[in-house]
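# Notes for the structure review
These are the residues of each chain, in order.
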Amino acid sequence: DLLRLDMGYLLYGNDISEETSPLEAGAEWVVNFEKGEFVGRASLLAQRTQGLARRLVGFELLEKAVPRHGFPILSADQPGNPIGEVTSGNLSPILQKGVGLASVVPRYAEPGTRIQVDIRGKAVPAIVVKPPFYKKLVISTPARSSPSTSILCSCRTGSQWISRRFATPGLRRWYRSKTMARWS
């Protein structure tokens, strides 16, 4: 379940169910309106034109805490005002911070929006991010590597990108083994 959450994969029964439309879950890519008639097409079109009542978003906690299924999501600009609910949440072993998915009012669904998660009576600050929370190390090398060619290593940890440029593959391997081992 932890690795699923780090990648932002949805879990049926928590993040999606028969009461959740693909539009609300952020899975518009699975619906082809050009295909013609299909079961539920009319209600999905109506939902698309009238606007969504809720939206599934990813979030990262800004303090060390563990969000859990069912915890209320609160507005950061209007403390105490419930705007949604955590559908999946946990402490990410890779990122070492609380991450989760939540169903919120569409106004708060934009990445970068500040929200709060009510964790056992304490409002913990969080920020809306676009899943996946974790992306693998990306190594960009030129078509022909030579000892004088630099190599760029990048990885995304939640909402931050970490990049380093190395002059030689040997230096890149050494740096990666010392500091970036968890992203390999």
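Refer to the structure printed above.
Let us now look at helix α2 (residues 41–50). Among the residues of α2, those classed as buried are R41, L44 and Q47. Each buried residue of α2 lies within a common arc of 130° when the element is viewed along its axis, so the set occupies one face. In α2, the exposed positions angled more than 90 degrees off the buried face are occupied by A42, T49 and Q50. Remark: G51 follows α2 within two positions and exhibits a positive phi of approximately 100°.

Now for the packing of aromatic side chains. For the structure shown, the criterion picks out 1 aromatic pair. Geometrically, the ring pair formed by F33 and F38 is tilted, given 6.3 Å between the ring centres and 45° between the ring planes.

Okay, the environment of G121 next. Inspection of the secondary structure assignment puts G121 in the loop between β5 (114–119) and β6 (122–129). Separated by 50 residues in the primary sequence, G121 and F71 have C-alpha atoms spaced 9.8 Å apart.

Okay, the pairing of strand β2 (residues 72–75) next. Here β2 pairs with strand β3 (residues 82–92) via 3 bridges, running antiparallel. Across the sheet, residue L74 finds its bridge partner in β3, namely P82. In this sheet, β5 lies alongside β2 in antiparallel orientation, the contact comprising 3 bridges. Within β5, the position partnered with I73 by the bridge is V117.

Thresholds, definitions, all that
Residues numbered from 1 in each chain as written. Predicted model: local features only at pLDDT ≥ 70, side-chain atom pairs only at ≥ 80, totals over all residues. Heavy atoms only, no water. Buried < 20%, exposed > 50% of the residue type's maximum accessible area, 1.4 Å probe, protein only. Helix = DSSP H or I, 4+ residues; strand = E, 2+ residues; numbered from the N terminus. Arc of directions from axis to C-beta. Phe/Tyr/Trp six-rings, centres within 6.5 Å; stacked < 30°, edge-to-face > 60°. Pairing = 2+ DSSP bridges.

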